[in-house]
Amino acid sequence: MKKLILLICAVLGSYTLNAQVTTPQPSPTSKLEQKVGLTDVTIAYSRPSMRGRAIFGELVPFGEIWRTGANQNTIVTFSDDVKIGGKDVKKGSYALFSKPNKNSWDVYFYNDTNNWGNPEKWDDSKVVAKVTATPYELPFEVETFTIDVDNLTNNGASLGIVWENTYVGVPFEVPTKEKATASIKKVMNGPQSGDYYAAAVYYLQEGQDLDQAQEWMDKAISEQKEAPFWMLRQKSLIQAKQGDTKGAIETAKKSLAAAEKAGNKDYVKLNQDSIAEWGAK
């Protein structure tokens, strides 16, 4: 009996020791958080590496559903309703699956995120959006599987899938215009100088009502003791967009002088370039 007890203790001790060993994971987890317009986009996934293996068409077969990563599901979360592949997708979390092929990829947003790898049984009714994308060959190899959010604009971006020498971009749209417009309308009931400025710049960037943008910018500037060079810079851009080249040049010269006074070389050059572009003599 004593020998049996000692044997059991030895086995349990060995098991406990092994359970405490910490080693690197072959496909470490990663979490990416990116603001797109006014929408938070989060991607949680595992990152396998090539390790001398051929990937697409070999380790990841063509024409078969792939987990788009390793281990548990790659999960993409949107804080707002978005549009993917022209289809409305509710805010929330989705598993990212794909079907790589040599000349095209099908990328799926799947509303069941509780799978380790691929679902035991694929259910088309759980696909909230599908995008067919073109894979691009890179002139270099990327050792470790990577998902990024790139091609950022105020109104959307792309999920960039990169591994081996392949890049696939999956575009999506976010509701920035609706959220920004609602915020502007709400705040303009009692705005401050910074609110006027932010609203004017947004309207300029999005090509919305430029007369309104000019009015807001003038109000923002009027509330300053001394007009700052960055406000004057944006006012000149609004004037140029309106076709008021003469006014744009005059304002840009004021911005230039203020930037020189502040020692801001970036804005000095921006204004000099614009004045030259607008044909000042």
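Refer to the structure presented above.
The notes below deal with the structure included here. Position numbers for residues count from 1 along each chain, tracking the sequence in the order it is written. Totals for whole chains, interfaces and linings use all residues, but because this is a predicted model, local features are given only for residues with pLDDT of at least 70 and pairs of side-chain atoms are given and counted only at 80 or more. Calculation of side-chain values draws on the structure's entire complement of heavy atoms; hydrogens and water are dropped beforehand.

So, the overall build of the protein
Stated precisely, the cut-off is as follows: Here a helix means four or more residues in a row that DSSP labels H or I, a strand means two or more in a row labelled E, and each is numbered from the N terminus. For the radius of gyration, the atoms used are the C-alpha atoms, and the globule rule reads 2.2 Å times the number of residues raised to 0.38. When accessible area is computed with a 1.4 Å probe and restricted to protein chains, residues below 20% of their type maximum are described as buried, those above 50% as exposed, and intermediate ones as partly exposed. In what follows, residue pairs with any heavy atoms lying within 4.5 Å of each other are defined as contacts. Here the open area of atoms and residues is found with the Shrake-Rupley method and a 1.4 Å probe, where only the protein chains shown may cover a residue.
Counting secondary structure elements, the protein contains 7 helices and 10 strands. What you see for the protein is a C-alpha radius of gyration of 27 Å, clearly larger than the 19 Å of a compact globule of 281 residues, by over 25%. With respect to the principal axes defined by its C-alpha atoms, the protein has extents near 100 × 50 × 40 Å. Sorting the 281 residues of the protein into buried and exposed places 42% on the buried side. Across the protein, the fraction of contacts at a sequence separation of at least 24, relative to all contacts at a separation of at least 6, is 54%. For the protein, the accessible area works out to roughly 16300 Å², and carbon and sulfur atoms hold 51% of it.

Focus on helix α6 (residues 245-262)
Which entries qualify depends on this criterion: Multiplying one less than the number of residues by 1.5 Å gives the expected span of a helix.
Its 18 residues place the ends of α6 25 Å apart at the C-alpha level, agreeing with the 26 Å of an ideal helix rising 1.5 Å per residue. Taken together, the buried positions of α6 are occupied by G247, A248, I249, T251, A252, S255, L256, A258 and A259. Tucked into the core, α6 has its buried residues touching α5 (229-241) and α7 (265-277).

Topic: the pairing of strand β6 (residues 92-100)
Which entries qualify depends on this criterion: Here, any two strands with at least 2 DSSP bridges between them count as paired.
Two strands pair when backbone bridges link them, and strand β3 (residues 75-78) and β6 are joined in this way by 4 bridges, in the antiparallel orientation. Each residue of the ladder has a partner; that of I75, found in β6, is A95. In this structure, β6 lies alongside strand β7 (residues 105-110), joined through 6 bridges in antiparallel fashion. Bridge assignment links L96 to a residue of β7, and that residue is F109. Counting the residues between successive antiparallel strands, the hairpin from β6 to β7 contains 4 residues.

Regarding the sheet that holds strand β9 (residues 136-153)
What counts is decided by this rule: Throughout, an axis means a line fitted to C-alpha atoms (over the contacting stretch in the case of helices), and angles, computed between N-to-C directions, take values from 0 to 180 degrees.
Strand order in this open sheet of 4 strands is β5-β4-β10-β9, and the pairing throughout is antiparallel. Of all the strands in the sheet, the pair left with one neighbour each is β5 (87-89) and β9. On average, adjacent strands in this sheet sit at an angle of 35° to one another, irrespective of strand direction. Looking at chain direction, strand β4 (residues 82-84) and β5 are connected through 3 bridges and run antiparallel.

A closer look at the packing of aromatic side chains
Under the convention used in this document: Stacked, edge-to-face and tilted labels apply to pairs of Phe, Tyr and Trp rings (six-membered ring for Trp) whose centres lie within 6.5 Å, assigned for plane angles under 30 degrees, over 60, and everything in between, in that order.
Taken as a whole, this structure holds 17 aromatic pairs when the rule is applied. Taking the centre distance of 5.3 Å and the plane angle of 75° together, the rings of Y108 and W122 count as edge-to-face. Taken together, the residues span a long stretch of sequence, with Y108 in strand β7 and W122 in the loop between β7 and β8 (127-133) at a distance of 14 residues. Classification of W122 by relative accessible area gives partly exposed; the value is 26%. When the ring of F145 is compared with that of W163, the centres are 5.6 Å apart and the planes differ by 70°; the resulting orientation is edge-to-face. Linking F145 in strand β9 with W163 in strand β10 (residues 156-173), this pair joins segments that are 18 residues apart in sequence. For F145, a relative accessible area of 0% corresponds to the buried category. Using a relative accessible area of 2% as the deciding quantity, one classes W163 as buried. Within the aromatic cluster, the residues linked to one another by ring pairs are Y45, F56, W66, W105, F145 and W163.

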